[in-house]
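Each chain, letter by letter, is given below.
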Amino acid sequence: MGSDIIKNRDWEDVKRILSRYYGEWTKPDYPGAVNDRIPNTAILGNGDIGVSSDGSSTEKIFNISKGDFWEYGGSPLKLGLISVGVTRGDTADDSEFNEREYLADATTVTKQTLCGVPLQIDSWVSATSNLFVMKLTSLSSQTDANVTVSLKAHIYGGRPVSSSAENRSIMIKRSSLAGEACSYVSAAAAVTRVIGADGKYTSNGRDSSTAEFILPKNETVYIVTAVCGGGKTYDCEGALMEGRTAPEDEAYKLIDTVGNEADIELLRREHLDWWRDYWLRSYISLDTSDPDVDVVQKYYYAAQYELGCGVREGKLAPGLYGIWHTTDNAYWHSDYHLNYNFVSAFYGLGSSNRASMLLPAADAIMEYVPVGLARARALGQPDSITDGRDARIREFAKELIGKGKIERDSGITDAVLYPVSILPFAMEGDNVYHGELVDAPFSAFPMIEYYNYTLDKEFLKNVLYPYLTYVLNFMEHWIVEENGEYVWYAAYNESSWAKNAVLETGAYRMCLECGINAAEELGDTEKAEKWRLYRGRMPKLPVIDDYKGSRKTVLGIADLYQSSPGSPWLMPSDLALTNGNPLPLESIIPFGLLGYYSTEEELETARNTVDVFDRDMNSWEQINSFPKIYAAAVCSRYDCRKIISKLAATIRKQIQLNLMIEDTIHGIEKAGETAAVNNMLLLSDKGIIKLFGCWDRNLDARFVRLRAKGAFLFTAKYRGNTHEITEGATMYSEAGAAVALASLWPEGMTVLDEEGNPVRTAKSTAPGHDEEAVYTFDTKPGMTYTFIKKLVDRAGSAETRSRLTKRSDQTLLRGKL
């Protein structure tokens, strides 16, 4: 059975699942269409241009933005909008309206009656080119329509706009301001052309241009818009930056590639192929007869859709609110908030077999390295830190200068220090640390994930290892020795101060562990030995014993803290200091210091911590918790049924009409909880891979090509009626690494290669969990392995030979696709 047949079968399976979930609007008033966060309407995108639905009873509107159209030192900017109206038709009722956002093909279908003419508009942003296509069809059998298409630049804040009408096209252009501290000017342009009808094209020369044409009854025309520009377009004197083309010229060139319906059909096929391949990277099929599971699966696929629209390798990483900017005033400038918000959107991408989508985050972090190096050097002149929120960093830097840990004037060399907020193109955000020193090590996570899930050694050598070296060089200079142990001073949360705060302790230990492994892999024995010595003396995670008289131990926020500068050091005995933000649980995800194969004592402490945040602060619904608490609970072996129930309840309260999660503050980070769902089905911890480790034993579940650390792709099925994994689960080894896999069945298992031959394995037990058998074996790159129950006293039987040799090609091929 060929790979194309398997792809087609899988694709039919995926389409069946996706057909159950879609955004839908029955009125054209679109509440939330224009706001300073992600709009609550249908969204389309290709990682570079973002389009969101809008309109009224008299016109259909789509707002247009470009992900890298970003003002220097400020916010991303809205480019403009495109609208469709009818000025002549019948005078019938215009009340008919329905719009759906379909996930499978990333298409929005609008059915709306305008001026008495029923229309259908199929809209999509090409996945392969910066083109937005509207297929406009008259559903009227009686009346032609006089259609007006308007392209309008967003007017706000005195930013320059222009428009024109030429070459059977209409154009708008918008630019950022060139302020006093200007480093560049960004500009973007959109050019629209009508294909399938002759039109009249006009412009007011300022912010608006218009195309008018006749749409005959029962006929179709296409409205195609090219969106180009963004980034560093001009210098502050108005000259094009080196290598750049004027955005309008670029857009005209792009629109000329689409001259007729055949060109659009080709573009559509490429778009559909891209999205099919995206969905086939991996997929899950859960037992949706359970209403809570159905809600969780709906969220899962909507989040994957949001990421597929908003993140793309080679494009600018999305800020807090993705690439859909309907104003110029995004909260927090839609920045890269580094103390979890920016990074958490990427939590589930590695395990979803979409590891390349981690690279835009890595690019954003690495682009800031020269600034981070300068910031670390500036600690040699601590009085340059003038913001009162960083007074304690300033004073502690002075202490370290006195102790010889930091060089006066030259500071810490070959080390990075990042603030909480940065912007694209290595720009500064709010230029404040808020007392935290966690932002640079926290930001290593997407790079660590990418390497762990791909084993890309070139990336390790050229990107991850240099960055970890900078991070750990800073650690060496900031950490101090007290009573024979290393101690860390920084904030436990924004604008606080603590000894051995959980975030700094966890983030630097994550980097230290990865740095040691990387140094060993790359043969840097000197650094490996030095970092091992640090690891042996690093602070332990803070805990609180007998929490509030409960006789239970929970994870803490720090060993000691100060409520204000100069105040007494206090023991943080109440997790309410976090305001419900479950900071200690980040030691599980993303830092990986605790996990599924931690000791039972450690797991109990983690579960106790979840319980406290549940009971005392209802943190399942706390606005910072969404990408944190559920995945942490999964990895601490918390009650799976409760996790699903709580996650479903939060989704029901916060899901919007476009299936995105909205809490009135945050944005695309809400897509990060796909990690929790993946980890229920497949997780990697302490070098061991576990299937269905946190799944409701009474419910069916199936996944195809989820990725495990070590560059392995797994496909497996669980049967709730038999309470076991179905035989025939497969693992595809991409890089040929050795693998340690928890036994799929209590009685043990046999591993088969592609020829049906048993693979030699070594059997042991999981660390700290003698009840769980683990099979370790070597793999070959490009080989698929199949798992069956352990063969006992049947080595030469016909049944055994059949099981070894008559497996279908379908099982093997599905693991590779």
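Everything quoted here is computed from the prediction, not taken from an experiment.

1. Some remarks on the side chain of Asp 13
Relative to the helices and strands, Asp 13 is located in helix H1 (residues 3–18). In this structure, Asp 13 is in contact with Tyr 283 and Arg 702, ignoring residues within four places of it in sequence.

2. Section: the sheet that holds strand S27 (residues 560–562)
Sheet architecture is open: 3 strands sit in the order S23-S24-S27, paired in antiparallel fashion. If you trace the sheet from one side to the other, it starts and ends with strand S23 (489–490) and S27, each paired once. Across 2 bridges, S23 lies against strand S24 (residues 497–499) in antiparallel orientation. From the neighbouring strand, Ala 490 faces S24, where its bridge partner is Ala 498.

3. Quick word on the layout of surface pockets
Unoccupied space between atoms shows up once a probe the size of one water molecule is rolled over them. By volume, the second largest pocket is sized at about 580 Å³. Around the second largest pocket, the lining comprises 23 residues; the ones closest to its centre are Lys 690, Ser 743, Leu 744, Pro 746 and Glu 772. Listed by contribution, the elements that provide at least two residues to the lining of the second largest pocket are strand S29 (688–691), strand S32 (724–725) and strand S37 (769–777). Broken down by element, the residue count for the lining of the second largest pocket peaks at 3 residues, all from S37.

4. Details of unusual backbone geometry
The amide bond that connects Ile 589 to the next residue, Pro 590, takes the cis arrangement and shows omega of 20°. Of note, Pro 590 is situated in the loop between S27 and helix H14 (600–617). Even without being glycine, His 434 reaches a positive phi, approximately 55°. Relative to the assigned elements, His 434 resides in the loop between strand S20 (427–428) and helix H9 (439–442).

5. Looking at the sheet that holds strand S5 (residues 76–88)
If you trace the 7 strands from one edge of the open sheet to the other, you get S2-S3-S4-S5-S10-S15-S14, paired in antiparallel fashion. What marks the edges here is a single partner per strand, and that holds for strand S2 (43–45) and strand S14 (199–203). Put simply, the sheet's adjacent strands are angled 20° from each other on average, direction ignored.

6. Some words on empty space enclosed by the protein
Within this structure, the stated rule accounts for 2 cavities of 30 Å³ or more. Computed from the structure, the largest cavity encloses a volume of approximately 50 Å³. As for the largest cavity, its lining consists of Tyr 299, Ala 302, Ala 303, Glu 306, Leu 659, Met 660, Ile 661, Gly 667, Lys 670 and Ala 671. Partitioning the lining of the largest cavity into residue classes produces 7 nonpolar, 1 polar and 2 charged.

7. Points about the pairing of strand S8 (residues 117–125)
Extensive coverage of S8 is indicated by the burial of 9 of its 9 residues. A two-sided burial pattern is seen for S8, the buried positions comprising Val 117, Leu 119, Ile 121, Ser 123 and Val 125 on one face and Pro 118, Gln 120, Asp 122 and Trp 124 on the other. As paired strands, strand S7 (residues 107–114) and S8 are joined by 7 bridges and run antiparallel to one another. Each bridged residue has a counterpart across the sheet, and for Thr 108 the counterpart in S8 is Ser 123. Connecting the antiparallel pair S7 and S8 is a turn made up of 2 residues, with Cys 115 showing a positive phi of about 50°. When S8 meets strand S9 (residues 131–138), the two strands line up antiparallel, connected through 7 bridges.

8. Quick word on the pattern of salt bridges
What the rule picks out here adds up to 51 salt bridges. The shortest N-O distance in the salt bridge between Asp 13 and Arg 16 comes to 2.6 Å. Taken as a pair, Asp 13 and Arg 16 lie in helix H1 at a separation of 3 residues, close to a single helical turn. Asp 13 sits in the buried class, given a relative accessible area of 14%. When its relative accessible area of 45% is taken as the criterion, Arg 16 is described as partly exposed. Here Arg 641 makes a salt bridge to Asp 290, at a shortest N to O gap of 2.9 Å. Taken together, the residues Arg 641 in helix H16 (residues 640–654) and Asp 290 in the loop between strand S17 (283–286) and helix H4 (291–310) connect sequence positions 351 residues apart.

9. Some remarks on H16
Given 3.6 residues per turn, any residue in an α-helix points the same way as the ones three and four places further on. Between the first and last C-alpha of H16 there are 21 Å, a value that for 15 residues agrees with the 21 Å anticipated at 1.5 Å per step. Among the residues of H16, Cys 640, Ile 643, Ile 644, Leu 647, Ala 648, Thr 650, Ile 651 and Gln 654 are the ones counted as buried. The arc that holds the buried residues of H16, viewed along the axis, is 165°, so those residues lie on one side.

10. Quick word on the pairing of strand S34 (residues 739–742)
Regular strands place their side chains on alternate faces of the sheet. Side chains Val 739 and Leu 741 of S34 all project onto a buried face; the interleaved residues Ala 740 and Ala 742 project onto the opposite face, where all are buried too. Sheet topology note: the S34/S37 ladder contains 4 bridges and is antiparallel. Its bridge partner lying in S37, Leu 741 is registered against Tyr 775.

11. A few points about the confidence of the model for the chain
When the pLDDT values of the chain are averaged, the result is 94; 96% of them are 70 or greater. The low-confidence segment residues 793–798 (pLDDT under 50) makes 5 contacts with residues lying over four places distant or belonging to another chain. Low pLDDT, under 50, characterises residues 803–810; the predicted model gives this stretch 21 contacts beyond four residues in sequence or across chains.

12. Here we look at the state of the cysteines
Tallying each qualifying case throughout the model produces 1 disulfide. There is a disulfide in this structure between Cys 182 and Cys 236, and the S-S distance comes to 1.9 Å. Here Cys 182 and Cys 236 share a disulfide; its torsion about the S-S bond, -90°, makes the bridge left-handed. Of this pair, Cys 182 sits in the loop between strand S12 (169–175) and strand S13 (187–195) while Cys 236 sits in the loop between strand S16 (220–229) and helix H2 (247–255); the two residues are 54 residues apart in sequence, bridging distant segments of the chain. Cys 182 gets classed as buried once you look at its relative accessible area, which sits at 18%. Free cysteine: Cys 694, not disulfide-bonded; nearest cysteine sulfur from Cys 640 at 4.1 Å.

Reading the values: the criteria
- Residues numbered from 1 in each chain as written.
- Predicted model: local features only at pLDDT ≥ 70, side-chain atom pairs only at ≥ 80, totals over all residues.
- Heavy atoms only, no water.
- Helix = DSSP H or I, 4+ residues; strand = E, 2+ residues; numbered from the N terminus.
- Contact = heavy atoms within 4.5 Å.
- Pairing = 2+ DSSP bridges.
- 1 Å grid on protein atoms, 1.4 Å probe; cavity = no way out; pocket = protein on both sides within 12 Å on 5 of 7 lines; lining within 4 Å.
- Points joined across faces, edges and corners; volume = space filled by probe spheres on them.
- Axes fitted to C-alpha atoms, helices over the stretch in contact; angles between N-to-C directions.
- Nonpolar A, V, L, I, M, F, W, Y, C, P; charged D, E, K, R; others polar.
- Buried < 20%, exposed > 50% of the residue type's maximum accessible area, 1.4 Å probe, protein only.
- Salt bridge = Lys/Arg side-chain N within 4 Å of Asp/Glu carboxyl O.
- Expected span 1.5 Å × (residues − 1).
- Arc of directions from axis to C-beta.
- pLDDT = per-residue confidence, 0-100.
- Disulfide = S-S within 2.5 Å.

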